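Overview (structure and organization)
So you can see what is in the structure, the chains are spelled out below.
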Amino acid sequence: MEFMSDMLSGTDAGKPSLFEIVAQHKMSELLEPALRHVTSVYAQRYPRYLVRVLNWHEEVYAALMLLVERHYLRNYGGSFTEHFYGTKRVRTRKIGGDGALTRGDVWRSLVFLVGLPLAKARLDQRYERSTGGEAARLLGGAFAQQSEPDDPVQAGWRGKAQAAWRVAVRIFWKYYPHANCAYHLATALYYVAYMFDRTDYNSPWLHLLGLQVRRLSAADYRAMDARGPASSGLAAPANGSVLRATRNLVARLLTGGLDVLRVALPLSIFFYRFLEWWYRSDFHKRVQQMPIPPAPMPPKPHPDGVGVPADRTLCPLCKAPRTNPAMAPTGYVFCYPCIHRRLVDVGTCPVTLAKADSVAIRKLYADS
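Described in the following lines is the structure provided in the data block. (Residues numbered from 1 in each chain as written. Predicted model: local features only at pLDDT ≥ 70, side-chain atom pairs only at ≥ 80, totals over all residues. Heavy atoms only, no water.)

1. Points about the sheet that holds strand β3 (residues 325-327)
- Here three strands make up an open sheet; going across it, the order is β4-β3-β5 and the pairing antiparallel. Each having just a single partner strand, β4 (333-335) and β5 (362-363) make up the two edges of the open sheet.
- Sheet topology note: the β3/β5 ladder contains two bridges and is antiparallel. Bridging from a neighbouring strand, A326 pairs with K363 of β5.
- The sheet contacts of helix α13 (residues 336-345) involve β3 and β4, and relative to β4 the element is tilted by about 100°. (Pairing = 2+ DSSP bridges. Helix = DSSP H or I, 4+ residues; strand = E, 2+ residues; numbered from the N terminus. Contact = heavy atoms within 4.5 Å. Axes fitted to C-alpha atoms, helices over the stretch in contact; angles between N-to-C directions.)

Following this line, the structure appears as structure tokens:
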């Protein structure tokens, strides 16, 4: 993959290929459904504690990603997925010859890494609810759009606010699809321009921030090794107090846990996709299926019953080759007229003397 990336990146070895950029974005998109799946599974077991978390999943996920992304932007100069793929963000306008991110760059990046996806997810949900969702796209008609509230407009400032809200809802219904189309179209155009080296920015948001995504060099890795473990804003110089020592211990545990996510989150995504494939395939159904048990042995003949001929093609009653073979409920085969007459007259199997009814006779068919 590195060989193909160098080929497709032209002469600039530090510029990531489009495949790397797309892989980063796809990985970011897989984190949220993987965490939602895990939360929903445990919410069924512990609904008292996790149902509210599941109801506010987007906000909880955004808060967690805010901590994760801020940690990686501050310590490694890139988002979580960017650092996973060996890239970082650099300033287009370097300060003193250094392209490292400033504190303002970190927070502005967090707005587009965390705030923008959260806002768009909520707007998408709002539009789906207000327009009928899948039912409207499939059936149309009454499902196409929910009617506006017909409550009478109140007087005063509440009435003005209510009227303004209705106008805003109508504008949202009308123009949000166009805004959503422009959002995806701008992303696609930047992908195409980036692929053909028409721009050094792989997204309009990085262009707006004045940041570029570059590969980590050998010097960057040496600097990370020399720096040691990532630092945390919670840590403070030790002064011998128990409170300060506890604070530093929590900071080290938190920082170490965020660093472990480089391995834990990709593995969780892989495990989530594996489970999804497993339960959609037929393999788990084959594993769960019980083996077919062997056929039960027929009842043993009774000493006072008719004997079973050595030649299995003969009828035990008439001792002649079976014609129109039929099976008694006990499993022995006779001529149909013979066994029918026997069960009607006596009501027992002639071999085992077990009770049997003529309605339980089963006709046997053989290929010619």
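2. Observations regarding the pattern of salt bridges
- Summed over all chains, the structure comprises twelve salt bridges.
- A salt bridge links R36 to E58; the shortest N-O distance between them is 2.6 Å. Of this pair, R36 sits in helix α2 (residues 18-45) while E58 sits in helix α4 (residues 57-76), and the two are 22 residues apart along the sequence.
- Looking at R36, the relative accessible area reads 29%, which means it is partly exposed.
- According to the relative accessible area criterion, E58 is buried, its value standing at 10%.
- In this structure, the salt-bridge partner of E58 is R122, at a minimum N-O distance of 3.5 Å. Of this pair, E58 sits in helix α4 while R122 sits in helix α6 (residues 103-131); the two residues are 64 residues apart in sequence, bridging distant segments of the chain.
- One network of salt bridges, with partners in common, ties together E32, R36, E58, E59 and R122. (Salt bridge = Lys/Arg side-chain N within 4 Å of Asp/Glu carboxyl O. Buried < 20%, exposed > 50% of the residue type's maximum accessible area, 1.4 Å probe, protein only.)

3. Here we look at the side chain of N75
- Looking at where N75 falls in the secondary structure, it is placed in helix α4.
- Overall, the relative accessible area of 7% leaves N75 in the buried class.

4. Focus: the packing of aromatic side chains
- Tallied over the full model, the rule gives eight aromatic pairs.
- Ring centres of Y72 and Y76 lie 5.4 Å apart, and the angle between their planes is 35°; this geometry places the pair in the tilted category. With a gap of four residues between them, Y72 and Y76 both fall in helix α4, about one helical turn apart.
- Classification of Y72 as buried rests on a relative accessible area of 0%.
- Summarising the aromatic geometry, the rings of F84 and Y85 are spaced 5.3 Å apart at their centres and angled 80° between planes, so their arrangement reads as edge-to-face.
- A relative accessible area of 35% means that F84 is categorised as partly exposed.
- Taking the relative accessible area as the measure of exposure, Y85 reaches 26% and is therefore partly exposed. (Phe/Tyr/Trp six-rings, centres within 6.5 Å; stacked < 30°, edge-to-face > 60°.)

5. Observations concerning the state of the cysteines
- A full pass over the atoms with the stated rule returns zero disulfides.
- Here C315 is not disulfide-linked; the sulfur of C318 is the nearest cysteine sulfur, at 3.8 Å. (Disulfide = S-S within 2.5 Å.)

6. Quick word on unusual backbone geometry
- In this structure, N324 takes a positive phi of about 50° despite not being glycine.
- In this fold, N324 is placed in the loop between α12 (283-288) and β3.
- With relative accessibility at 37%, the residue N324 sits in the partly exposed group.
- Positive phi, close to 60°, is recorded for L353, a residue that is not glycine.
- Mapped onto the secondary structure, L353 falls in the loop between α13 and β5.
- Of the residues examined, L353 reaches a relative accessible area of 33% and is grouped as partly exposed.

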